[in-house]
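# Architecture and fold: a report
So you can see what is in the structure, the chains are spelled out below.
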Amino acid sequence: MTKAINDFSIIIGTKNGSGSSTANNTILRSIFKMGIPVSGKNLFPSNIQGLPTWYTIRVSKDGYLGRREEQDIVITLNPDSFMRDLASVPPGGAFFYADDIKLPISRADIAVYSMPIKKLIKDDANIPGNFRELVGNMIYVGVLAQMIGIDLDAVHAALEFHFKGKQKPIDMNFGAVKAGAEWAKANLEKKDSFYVEPMNKTEGLIMADGNTAAAIGSVFGGAQFVAWYPITPATSIAEGMNEYLPMLRKREDGKHTYAVVQAEDELAAIGMAIGAGWSGLRAMTSTSGPGLSLMTEFVGLAYYAEVPVVIWDVQRIGPSTGLPTRTSQADLSFVAEIGHGDSDSIILLPGDVNECFDFGWQSFDIAERAQAPVFVLSDLDIGMNQWMSRPFEYPKTPMDRGKVLWEKDLEELKGNWGRYLDKDGDAIAYRTLPGNKYPLSSYFTRGTGHDEHAKYTEDSTMFVRNMDRLKRKYETIKKYLPKPILHATKGAEVGILAYGSTEAAINEARVRLERDHDMKTDFLRVRALPLTQEVDEFIAKHDRIYVVEMNRDGQMHQRLTLAHPESAMKLISVAYGDGLPASARWVREGILAKHTNVPVSKSAAKAMPAKKKTSVKQTKTVSKNSRKGVK
Amino acid sequence: MSALPMAGAPAATNTIGLTKHDYRGAPTTLCAGCGHNSISNQIVAAMYELNVLPENVVKFSGIGCSSKSPTYFMNRSFGFNSLHGRMPSIATGALFGDHTLKGIGVSGDGDSASIGMGQFKHVMRRNLNMVYIVENNGVYGLTKGQFSATAEVGLELKRQGVNPYMPIDICMEAIISNATFIARSFAGNAKQVKELVKAAFSHRGIAVLDIISPCVTFNNADSAHHSYAWGRDHEEPLHDLTYIAPREEIMLDKELEEGEVREVTMHDGSIILLKNLDKGYDPTNRFEAVRALEEAQRNNWLITGLIYKAPEKSSLVDSYNLVDTPLNRLTESDLRPTPEMINKVNALMF
């Protein structure tokens, strides 16, 4: 049997609420500590206790962090998911289970290991009765460590980190790990091929989830006001603010430069954030689809009254309550068009944990510069899962507080200013903030029609002039937005355009597409709306552009075809939304499946006889000829 | 916008050198005789007499006739006419911007008792530092005369028929939501409105003024509970109320005897002097306040005056222990952690 070293996946099935997350994180951290690229994804139910939940760990020597659909090692502690878990083990895979589950196993094509978790934990005199279930999870950590070769020192380091150096829980948990490992050493015979071996590929890297990164990034952005309402999967942003604001913005006098308010609902959360943004604070809220639906009314006010505010939408899959604990990119159209009447939206699209951090601080600069709501569309996969990442990088640019006039500015202007007056010709007017003591500093903000001095008006010409300026403002702001990122391949004719958390899966798929299907691709990852010139250029440059996204309708694809009707035929949607994080296989097969009915570019049409155009059906049936046929 | 004195004789000024004109707003566009206009005038008078710098006040409103009125007073103050029923959340965020500012919010019965009931009650329990005026007329004026949630059951209105629902009592809702200052008044009783606005402004925390403010166009029949006639005939003042600014001398009528006067001391040292206490009403007793509201409801009395004043309690913004400099004047050096902190954070990410 050839060894599979540092390249496989593990899935652990437990009952929700049984406290397995510490154990799973310990496995993840131990492997990371051994220098092996690794990622962890929680596939959890919308439930507090009792329903089956799974945690997947992907070990990838090549550094692929996207979800892998096949799981080589399956561990189950849950009788309710036992049969499903057992059936999911691929031939040649390994299956670990708690031996108190008395169910038949009829698989000769896999390695089966039973683990006497309850017995071992009972035998351990150091574990008090009420800790048995929690610490019991550490037994499977020990068994797995022994069987695949996880270094116990790395496990210890992981526990030290988790328990912040508190000796008692470290000892108790490590005791259980050792008990599991020793038992496995004495009683189990290795029958599978999966091993970990130390590497040096994680040095200098961190492991974090996007919501924590967003919170910390926001703190470095000078966040001053957070109003929020609990909702999965966005809650941990606000909770992260509660954790990191006091830590990172501690002052000697013990006073605070920020406030976090848990509101009564999302209507109030966004209202408070807009009130704070209006009064000059770096204000934000965090929510997910259903909450954003409630915020819509206020967003329209902020658009029209021109109030800066940052809104994090950690997307989960809708419509309605949908699958609250599953990921999605299906809020794009909604957010891009949010609000009644004509509107525009600034949307940032972080693709990984580092960008959650970066957009955490940049979003405030953009919001204050634009005097407008800025949305950051993250998703559950980036937001709540653990990603190996580069360390967070200190903001490179000073804060941009936008156009604000204080007393001395107004004295110089002799009070000659108008809140909505386009003095600089860039469609962004100057604002003043409450508390300004200059007698002509104030203005009256409203969501009703207003003139350049913020006075109520129903004058049609004035209305149109203001709306036209707003439109121009969204042109101005393009230069302040994060540019798309291009991953180019020499000689590529096929383009892939995507955004957000699909990046890891797409980059992995591109390697396979080139290696196995001779398909060279350029990949443009869009990082903001409104779309910028780079996107136009990318579309113009490629014969076919696959627009890959995690929603049913191909929402980015729809926007692109609207913006580029002349290119509609070469923009091809690869869209799918089932709530699971994107996998490289899905990306690859999705692209290959669409490769059949693609209009062929003029140059290729000339070169190729028409009948050979449609040839690719499935991954496995792609031949050298057919691949050439579509080029 | 600018504070031009009226032509002719030099205008009188208050102790900070401002004329009454400095507290005025744009000309009203509400109906002639609307109770809301008289309330706006009393706000102007109260702020002038309290010597408040207009720049230290932020005006808020929701949507409706009442919510238009912040345009009609204190032009020199910042203002935010927000969304229907959402004034409390806008005010909550805005007042964190500068903790030295005081909010004056004007809402209506539609804005606060229906669409905004949730936010109304939550801003009470948070004790935001603002005067929250409900100009209460029992109808939706801007949409031409539908029943509001404070309209009495059985009220008959043109084109609406008879109101089948029980009314919501603003003061009762405020008190059960733990509001810290609650008063009711009647737009026809200008002096009381003015004194209550002053008292409410001196309160550190949420101060609710439920002011019956007749809608002359849609709900002013003599039998309607929100009409001028009804108010005049059914008003039952709990007391005569005089606001005494800090350091101002208290002048008592000679004929008043001990026990007939009650003083309620405010956060800033000002005093609300309550006279003619034939009902023996104690506005610092919450239990008593609920009883009085219940009794008034049963007997169709329009009780007015200071209904409840809680013991001193920190206001929302005060409870956050903010730096002395207003938050909206902090700069990058106050707000962005140092570069060393990024290493500290990265060390935690494993």
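## Looking at the overall build of chain A
Regarding its fold elements, chain A presents 21 helices and 24 strands. In terms of its C-alpha atoms, chain A occupies a principal-axis envelope of roughly 85 × 75 × 40 Å. For chain A, the proportion of its 631 residues judged to be buried stands at 53%. Long-range pairs, those at least 24 residues apart, make up 75% of the contacts in chain A with a sequence separation of at least 6.

## Some thoughts on the packing of helix H4 (residues 132-148) of chain A against helix H6 (residues 167-187) of chain A
Residue and element names in this part refer to chain A. The contact between H4 and H6 brings their axes to 7 Å, and the two run at 45°. Compared by their axis directions, H4 and H6 come out oblique. For H4 against H6, the interelement crossing comes out right-handed. On H6, the residues touching Val135, Met138, Ile139, Tyr140, Val141, Gly142, Val143, Ala145, Gln146 and Met147 of H4 are Met172, Asn173, Ala176, Val177, Lys178, Ala179, Gly180, Ala181, Ala184 and Lys185. Classifying every residue of the contact of H4 with H6 gives 14 nonpolar, four polar and two charged.

## Section: the environment of Phe463 of chain A
Residues and elements named next belong to chain A. Positionally, Phe463 belongs in helix H15 (residues 460-476). Residue classification places Phe463 among the partly exposed positions, given that 14 C-beta atoms sit within 10 Å. Through-space distance from the C-alpha of Phe463 to that of Phe225 is 32 Å; in sequence the pair is 238 residues apart.

## Thoughts on the interface of chain A and chain B
Contact with chain A, which involves 57 residues of that partner, is made by 49 residues of chain B. Counting residues per element, the ones that place at least two in the side of chain A that touches chain B are strand E9 (206-208), helix H7 (210-220), strand E10 (225-228), helix H9 (266-278), helix H10 (289-305) and strand E18 (444-446) of chain A. If one sorts the elements of the side of chain A that touches chain B by residue count, H9 of chain A sits on top with nine residues. The residue inventory of the side of chain A that touches chain B, partitioned by class, reads 36 nonpolar, 13 polar and eight charged. Across three bridges, E18 of chain A lies against strand E2 (residues 78-81) of chain B in parallel orientation. Across the sheet, Thr445 of chain A pairs through a bridge with Phe80 of chain B, a residue of E2 of chain B.

## Overview of helix H3 (residues 87-97) of chain B
Across the eleven residues of H3 of chain B, eleven count as buried, placing the element largely inside the fold. Along H3 of chain B, the residues that are buried comprise Met87, Pro88, Ser89, Ile90, Ala91, Thr92, Gly93, Ala94, Leu95, Phe96 and Gly97 of chain B.

## A few points about the pairing of strand E13 (residues 262-265) of chain B
All names here are of chain B. The pairing of E13 with strand E14 (residues 271-275) spans four bridges and is antiparallel. Within E14, the residue paired with Thr265 across the bridge is Ile271. Hairpin geometry of E13 and E14 is characterised by an intervening segment of five residues between the two adjacent antiparallel strands and by a positive phi of about 90° at Gly269.

## Side note on the domain arrangement of chain A
All names here are of chain A. We note that the domain assignment places domain 1 (4-195), domain 2 (208-389), domain 3 (407-479) and domain 4 (485-629) within chain A. Each of domain 2 and domain 3 has a C-alpha centre, and the two are 26 Å apart. Contacts between the two partners involve twelve residues from domain 2 and, on the opposite side, eleven residues from domain 3. Of all the elements, H10 adds the most residues to the side of domain 2 that touches domain 3, at three residues.

## Considering the confidence of the model for chain B
The predicted model of chain B has a mean per-residue pLDDT of 94, with 95% of residues at 70 or higher. Overall fold confidence for the complex sits at a pTM of 0.94, while the interface term, ipTM, reaches 0.96.

## Concerning the packing of H3 of chain B against helix H5 (residues 117-126) of chain B
Residue and element names in this part refer to chain B. Contact geometry for H3 and H5: axes closest at 8 Å, N-to-C directions at 35°. Listed contacts from H5 to Pro88, Ser89 and Thr92 of H3 are Gln119, Phe120, His122, Val123 and Arg126. Residues of the contact of H3 with H5, tallied by class, amount to three nonpolar, four polar and one charged.

## Re the environment of Phe359 of chain A
All names here are of chain A. With respect to the element layout, Phe359 can be found in helix H12 (residues 353-370). As for Phe359 and Leu348, which are separated by eleven residues in sequence, their C-alpha atoms are 7.3 Å apart. Once residues lying within four places of it in the same chain are set aside, the contact partners of Phe359 are Gly217, Leu348, Pro350 and Val376.

## Quick notes on the sheet that holds E13 of chain B
All names here are of chain B. Read from one edge to the other, the open sheet built from three strands follows the order E12-E14-E13, with strand pairing classed as antiparallel. Pairing within the sheet leaves two strands with one partner each, and these edge strands are strand E12 (240-244) and E13. Each strand axis lies, on average, 20° off the axis of its neighbour in the sheet, ignoring direction. Bridging between E12 and E14 involves five bridges; their strand directions are antiparallel. What sits directly across from Leu241, in E14, is Leu274. Strands in contact with helix H7 (residues 190-202) are E12 and E14; relative to E12, the strand with the most contacts, it is inclined by about 45°.

## Focus: the environment of Tyr243 of chain B
All names here are of chain B. Here Tyr243 is to be found in strand E12. Once the C-alpha coordinates of Tyr243 and Lys194 are considered, the two residues, 49 residues apart in sequence, prove to be 9.0 Å apart. With sequence-adjacent residues up to four places away left out, Tyr243 is seen in contact with Glu195, Lys198, Ala199, Ser270 and Ile272.

## Let's talk about unusual backbone geometry
Residues and elements named next belong to chain A. Note that the residue after Thr232, namely Pro233, is joined by a cis bond; omega there is 0°. Mapped onto the elements of the fold, Pro233 is located in the loop between E10 and helix H8 (235-248). Looking along the chain, the bond that leaves Gly318 and enters Pro319 is cis, with omega of 0°. At Glu306, a residue that is not glycine, the phi angle is positive and equals roughly 65°. Mapped onto the elements of the fold, Glu306 is located in the loop between H10 and strand E13 (309-317). Look at Ser320: it is not a glycine, yet its phi comes out positive at around 55°. Positionally, Ser320 belongs in the loop between E13 and strand E14 (323-327). Classification of Ser320 by C-beta neighbours within 10 Å gives exposed; the count is 7.

Conventions and cut-offs
Each chain carries its own residue numbering, running from 1 in the direction its sequence is written. Whichever chain is written first is A, and whichever ligand is written first is 1; the rest continue in order. This being a predicted model, a pLDDT of at least 70 is required before a residue's local features are given, and a value of 80 or more before pairs of side-chain atoms are given or counted; all residues contribute to the totals for chains, interfaces and linings. Here a strand is any run of E in DSSP of at least two residues, a helix any run of H or I of at least four, and the numbering for each starts at the N terminus. For the exposure call, what matters is how many other C-beta atoms sit within 10 Å of a residue's own: 20 or more marks it buried, 12 or fewer exposed, and in between partly exposed, using C-beta atoms placed from the backbone. Throughout, a pair of residues is in contact if the C-beta atoms placed from their backbones lie within 7 Å. In this description, a line fitted to the C-alpha atoms serves as the axis of each element, helices being fitted only across the stretch in contact, and the angle between N-to-C directions of two axes falls anywhere from 0 to 180 degrees. Any angle that falls under 35 degrees is termed roughly parallel, while one over 145 is termed roughly antiparallel, one within 65 to 115 roughly perpendicular, and all others oblique. In a left-handed crossing the near helix is turned counterclockwise from the far helix by less than a right angle, and in a right-handed crossing that turn is clockwise. Each residue gets one label: Ala, Val, Leu, Ile, Met, Phe, Trp, Tyr, Cys and Pro are nonpolar, Asp, Glu, Lys and Arg are charged, and the others, such as Gly, are polar. By the convention used here, strands pair only if DSSP detects at least 2 bridges between them. An automatic or database domain assignment supplies the start and end points of every domain. The predictor attaches a confidence to each residue, called pLDDT, with possible values from 0 through 100.

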